[in-house]
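Fold and contact review
Given next are the chains, with one letter for each unit.
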Amino acid sequence: MEAIKKFFTKNLSVKFLSLLLACSLWVYVATVENRTDFFPGEISIETQNLAPALATVYDEDTTRIKISAPSSVWNKLVQDDFSAYINLEDLSLGTHQVEVKVVTSVPGVQIIDAESQEIRVRIETAVTAQFQVVTKFEGDLAPGYEVIDTSIDPEKVEAKGAK
């Protein structure tokens, strides 16, 4: 019993110093190895599981994210490595508060926080309309030049949006 007590109490200052150095080294390695900061670009918020006959209207269509990643990975990250979405499954017409989910396909990257954790979404009946595409010229051509012919493809476009 005395040997065990002596083991823990002998050279106590050296043991305390060793523990302090070990903790300091761990903190250094943990913070230097991984960089934690806001990703420099904004991530577009997409909609999922929206019925084809419906359309959405919302104020925020992008979000900023705070991530943690190894320095070697951080420098290679691009906006396409992240996706933000709202799941509108089982929601009907009207205004709803919906959670924004952000995911990444890059191993080793951790999403810490998103600026927009919830957004207000208004779901309405969708309206589709067709529009004729026309050519519009602005300004003057340089001397000696003239417009002979124009060609537009496609001649009509279809747009879909909230009523």
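Residues numbered from 1 in each chain as written. Predicted model: local features only at pLDDT ≥ 70, side-chain atom pairs only at ≥ 80, totals over all residues. Heavy atoms only, no water.

As a further point, take the overall build of the protein chain. Secondary structure assignment for the protein chain yields three helices and eleven strands. Starting at the N terminus and walking to the C terminus, you meet the elements of the protein chain as α-α-β-β-β-β-β-α-β-β-β-β-β-β. Taking 163 residues into account, the globule formula puts the C-alpha radius of gyration at 15 Å, and the protein chain, at 29 Å, lies well above it. In terms of principal-axis extent, the alpha carbons of the protein chain reach across some 100 × 55 × 20 Å. (Helix = DSSP H or I, 4+ residues; strand = E, 2+ residues; numbered from the N terminus. Rg over C-alpha atoms; globule rule 2.2 N^0.38 Å.)

Further remarks concern the nonpolar core. In terms of nonpolar packing, the biggest core is built from 22 residues, with I65, I67, L77, F82 and I86 touching the most fellow members. For this core, the secondary structure elements donating two or more residues are strand 2 (43-48), strand 5 (65-70), strand 6 (82-87) and strand 10 (118-132). For I67, the contacting residues outside a window of four places in its chain are R35, T36, D37, F39, W74, L77, F82, V109, Q110, I111 and I112. (Core = buried A, V, L, I, M, F, W, Y, C linked by side-chain atoms within 4.5 Å. Buried < 20%, exposed > 50% of the residue type's maximum accessible area, 1.4 Å probe, protein only. Contact = heavy atoms within 4.5 Å.)

Strand order in the open sheet made by the four strands is 4-2-6-8, with mixed pairing throughout. Looking along the sheet, the strands with just one partner apiece sit at the ends: strand 4 (62-63) and strand 8 (101-104). Here strand 2 runs beside strand 6; their pairing, made up of four bridges, is parallel. Paired with Q48 across the two strands is N87, which belongs to strand 6. (Pairing = 2+ DSSP bridges.)

The grouping of F16, L17, L20 and L21 at the surface amounts to a nonpolar patch, some 440 Å² of accessible area in total. Here L17 shows up in helix 2 (residues 12-33). (Patch = residues over 30% accessible without salt bridge, like charges linked within 9 Å, V, L, I, M, F, W, Y side chains within 5 Å. Areas by Shrake-Rupley, 256 points an atom, 1.4 Å probe, with all protein chains shown as cover. Salt bridge = Lys/Arg side-chain N within 4 Å of Asp/Glu carboxyl O.)

The grouping of E42, D59, E60 and D61 at the surface amounts to a negative patch. Assignment of secondary structure puts D61 in the loop between strand 3 (54-58) and strand 4. In this structure D61 comes out as partly exposed when scored by relative accessible area, which is 47%. (Lys, Arg positive; Asp, Glu negative; His and termini not counted. Charge placed at Lys NZ, Arg CZ, Asp CG, Glu CD.)

What follows concerns the pattern of salt bridges. Tallied over the entire structure, the rule returns four salt bridges. R64 is paired through a salt bridge with E115; the nearest N and O atoms lie 3.5 Å apart. Of this pair, R64 sits in the loop between strand 4 and strand 5 while E115 sits in the loop between strand 9 (110-114) and strand 10, and the two are 51 residues apart along the sequence.

This brings us to unusual backbone geometry. A cis amide bond, omega 5°, links D153 with the succeeding residue P154. Mapping P154 onto the fold places it in the loop between strand 10 and strand 11 (156-162). Positive phi, normally seen in glycine, also occurs at D90, with a value near 65°. Inspection of the secondary structure assignment puts D90 in the loop between strand 6 and strand 7 (94-99).

Spatially, 1-5-9 is the arrangement adopted by the three strands of the open sheet, whose pairing is antiparallel. Every interior strand has two partners, whereas the edge strands, strand 1 (34-38) and strand 9, have only one. With direction set aside, neighbouring strand axes in the sheet form an average angle of 15°. Pairing of strand 5 with strand 9 involves four bridges; the strand directions are antiparallel. Paired with S68 across the bridge in strand 9 is Q110. (Axes fitted to C-alpha atoms, helices over the stretch in contact; angles between N-to-C directions.)

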